[in-house]
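# Overview (structure and organization)
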Amino acid sequence: MRALLSLAIGSFGIGMTEFVVMGLLPNIARELVPGVWASSPDDAIAQAGWLISLYALGVVVGAPTIAGSVARFPRHRVMIVLAAALAFFTLLTVIAPTFELVAASRFLAGLPHGAYFGIGALVAADALGPGNRAKGVAFVLTGLTIANVVGVPLGTLLGQQVGWRAAFAVVTAIFALAAVCIALFVPSHPGSPGRRLRDELRVFRIGQVWFALGIGAVGFGGFFAMYSYIAPMITDVAGQPEWAVSLVLVTVGVGMTVGNIVGGALADKDLRFWLYVGLVALGAASVGLALTAAWIVSLVLFAFLVAFCGAALSPAIQTRLMDVAEDNQSIAAALNHSALNIGNSLGAFLGGLAIAAGLGLVAPAWVGALLALGGLAVAIASYRVEDRSGRHPAHRMPAAEAAQTAITGSIPTQR
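Nothing here was measured: the structure is a model prediction, and the numbers come from that model.

Scanning the protein chain from N- to C-terminus turns up 20 helices and zero strands. The proportion of buried residues among the 415 residues of the protein chain is 59%. Across the protein chain, contacts joining residues at least 24 apart in sequence account for 84% of those joining residues at least 6 apart.

Counting residues in each nonpolar core, the largest one holds 72 residues, and the members touching the most others are Phe-223, Tyr-227, Ile-230, Met-256, Leu-275 and Leu-299. For this core, the element with the highest residue contribution is helix α17 (residues 296–324), accounting for nine residues. Not counting residues within four places of it along the chain, the set of residues in contact with Tyr-227 comprises Phe-19, Met-22, Asn-148, Val-152, Leu-249, Val-252 and Met-256. If you look at the next biggest cluster of nonpolar residues, it comprises 34 residues, including Met-16, Val-123, Ala-124 and Ile-182.

Another point: the environment of Asn-148. Relative to the helices and strands, Asn-148 is located in helix α9 (residues 133–162). Accessibility expressed as a relative area gives 3% for Asn-148, which makes it buried. Measuring from C-alpha to C-alpha, the distance between Asn-148 and Gly-255 comes to 9.7 Å, with 107 residues separating the pair along the chain. Apart from the residues within four sequence positions on either side, Asn-148 is in contact with Phe-19, Pro-153, Tyr-227, Leu-249, Gly-253 and Met-256.

As a further point, take the packing of aromatic side chains. Any pair of aromatic rings gets described here by the distance separating the centres and the angle formed by the planes. One pass over the full model with this rule turns up 12 aromatic pairs. Aromatic pair Phe-19 and Phe-224: ring centres 6.2 Å apart, planes at 5 degrees, arrangement stacked. Highlighted residues: Phe-19 in helix α1 (residues 2–23) and Phe-224 in helix α13 (residues 221–228), separated in sequence by 205 residues. Grouping residues by exposure puts Phe-19 and Phe-224 together as buried. A centroid spacing of 6.4 Å and a plane angle of 25 degrees characterise the contact between Phe-304 and Phe-308, whose relative ring orientation is stacked.

Under the 1.5 Å per step criterion, the end-to-end length of α17 is 42 Å for 29 residues, consistent within 8% with the ideal 42 Å. Extensive coverage of α17 is indicated by the burial of 21 of its 29 residues. Glu-326 sits one or two positions beyond α17 and adopts a positive phi of about 55 degrees.

Tallying each qualifying case throughout the model produces three salt bridges. Measuring nitrogen to oxygen at the nearest pair gives 3.0 Å for the salt bridge that ties Arg-165 to Glu-31. Linking Arg-165 in helix α10 (residues 164–185) with Glu-31 in helix α2 (residues 25–32), this pair joins segments that are 134 residues apart in sequence. Its relative accessible area of 41% is what places Glu-31 among the partly exposed residues. With a shortest N-O distance of 2.9 Å, Arg-320 and Glu-386 are connected by a salt bridge.

What follows deals with the packing of helix α5 (residues 50–69) against helix α7 (residues 99–110). Two elements in contact, α5 and α7, have axes separated by 6 Å at closest approach and are oriented at 30 degrees. The angle between α5 and α7 falls in the class roughly parallel. α7 is crossed by α5, and the crossing has right-handed handedness. Residues Trp-50, Leu-51, Leu-54, Tyr-55, Leu-57, Gly-58, Val-59 and Val-61 of α5 form the contact with α7, whose own contacting residues are Phe-99, Val-102, Ala-103, Arg-106, Phe-107, Ala-109 and Gly-110. Per-class residue counts for the contact of α5 with α7 are 12 nonpolar, two polar and one charged.

Before going further, it helps to spend a moment on the side chain of Ser-105. Inspection of the secondary structure assignment puts Ser-105 in helix α7. Residue classification places Ser-105 among the buried positions, given a relative accessible area of 2%. Those residues in contact with Ser-105 that sit more than four places away from it in its chain are Phe-89, Leu-92 and Thr-93.

Time to look at the packing of α2 against helix α4 (residues 41–48). In the contact formed by α2 and α4, the axes pass within 8 Å of each other and the chain directions differ by 100 degrees. Classified by the angle between their axes, α2 and α4 sit roughly perpendicular to one another. Within the contact between the two elements, α2 uses Leu-25, Pro-26 and Ala-29 and α4 uses Ala-44, Ile-45 and Ala-48. Looking at the contact of α2 with α4 residue by residue, the classes come out as six nonpolar, no polar and no charged.

What counts, and where the lines are drawn
- Throughout, residues of each chain are indexed from 1 in the direction in which the sequence is written.
- Selection of residues for local features in this predicted model requires a pLDDT of at least 70, selection of side-chain atom pairs for listing and counting requires 80 or more, and totals for whole chains, interfaces and linings are taken over all residues.
- Each side-chain value is worked out from all heavy atoms of the structure, with water and hydrogens disregarded.
- To qualify as a helix, a DSSP run of H or I must reach at least 4 residues; to qualify as a strand, a run of E must reach at least 2; elements of each kind are numbered from the N terminus.
- Relative accessibility under 20% of the residue-type maximum defines a buried residue, over 50% an exposed one, and the middle range a partly exposed one, all with a 1.4 Å probe and only protein chains included.
- The contact rule is simple, with two residues in contact once any of their heavy atoms fall within 4.5 Å.
- In these notes, a set of buried Ala, Val, Leu, Ile, Met, Phe, Trp, Tyr and Cys residues joined through side-chain atoms within 4.5 Å is what counts as a nonpolar core.
- The criterion for an aromatic pair is that two Phe, Tyr or Trp rings (for Trp, the six-membered ring) have centres within 6.5 Å, with stacked assigned to planes under 30 degrees apart, edge-to-face to planes over 60 apart and tilted to the rest.
- The span one expects for a helix is its residue count, reduced by one, times 1.5 Å.
- We count a salt bridge whenever a side-chain nitrogen from Lys or Arg sits within 4 Å of a carboxyl oxygen from Asp or Glu.
- To get an axis, fit a line to the C-alpha atoms, keeping to the stretch in contact for a helix; angles then go from 0 to 180 degrees between the N-to-C directions.
- Oblique is the label for any angle not covered by the other classes, which are roughly parallel (under 35 degrees), roughly antiparallel (over 145) and roughly perpendicular (65 to 115).
- By convention the crossing between two helices is left-handed if the near helix lies anticlockwise of the far one by an angle smaller than a right angle, and right-handed if it lies clockwise.
- As a working rule, the residues Ala, Val, Leu, Ile, Met, Phe, Trp, Tyr, Cys and Pro are called nonpolar, Asp, Glu, Lys and Arg charged, and the rest polar, with Gly in that last group.

If you want it as structure tokens, here you go:
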């Protein structure tokens, strides 16, 4: 249990470092780009949105490359290094004096993200032994879930009251604690000496893998277009005080948690149907948010629905990816991080462009609706190509398991 708790501490830190920036975006923009803020707060917020995109880009690059490159090394040692790297790069965010250096630190901090979850889930799967392996994976995932419900709102509140760097200082301490605990309590765990990155990358030869990645990259971007700019929507559009941001983030975190659970159950019934329905619902919720963001009650309601629909899509997208990856399951699981974080980067980037173009702080919600419809178009194209070819995937991964792998980037070991 101590080993699983050690890994969960790191996943809690990852949840905070990825999402706390979204609630503190105005605070970060005010300090790091004061000249732009003085002339146009909207432009400053749009520029600060690059920090979200760069972290996501780090995850996109690091998830498959690091996971594939270190597969041959003992996993417990790799986990120590990954937790230490997360602590160091987050510390750089705390001390970096300029926007450019903070941006570089955010990219670096994203690199170990996917590998930590992927390899950590493999360690957790074996920690409890046969019959309880999936429980071990779920326990580690709990750290990220709690981060979205508790850690991110509290980190946002701390950053607003003390300064945004204080929130990242806390995250640095969490990663340092995780590294120490992993070194002390996670037992020796061998790697896979025969695995090579070149062999893993053969998955890119499969056309349907590209379609599945496209569904995640475009469709899931609809959620991040909203989430990236939720703070200024609350304060500037709905006219609420800064402390209200933390309360709304709790609601968003609950929506993500419930959506991930419900999405796995629904996708098991009919993957294609619920993938289509989920993307349509995400687009509709985004439109509802855009139309009613000036009223705090409706903003909270539709923010919850956007979070619910976005998280509900995760297991469906992961299931589709695992179905079409043939015998390249491990790298496909890691690639899910890349796909969803391309969506993170794309949503934040396009939402920022819309704000910078003078379309207002509600514009990211409209961008989210368009991205959801774009993901739907990719999904329809994917299944049409599959139907015409007559080649349907032989491997079918239960979506309930994919609800775990959607975030952990690893396949739960069968009971």
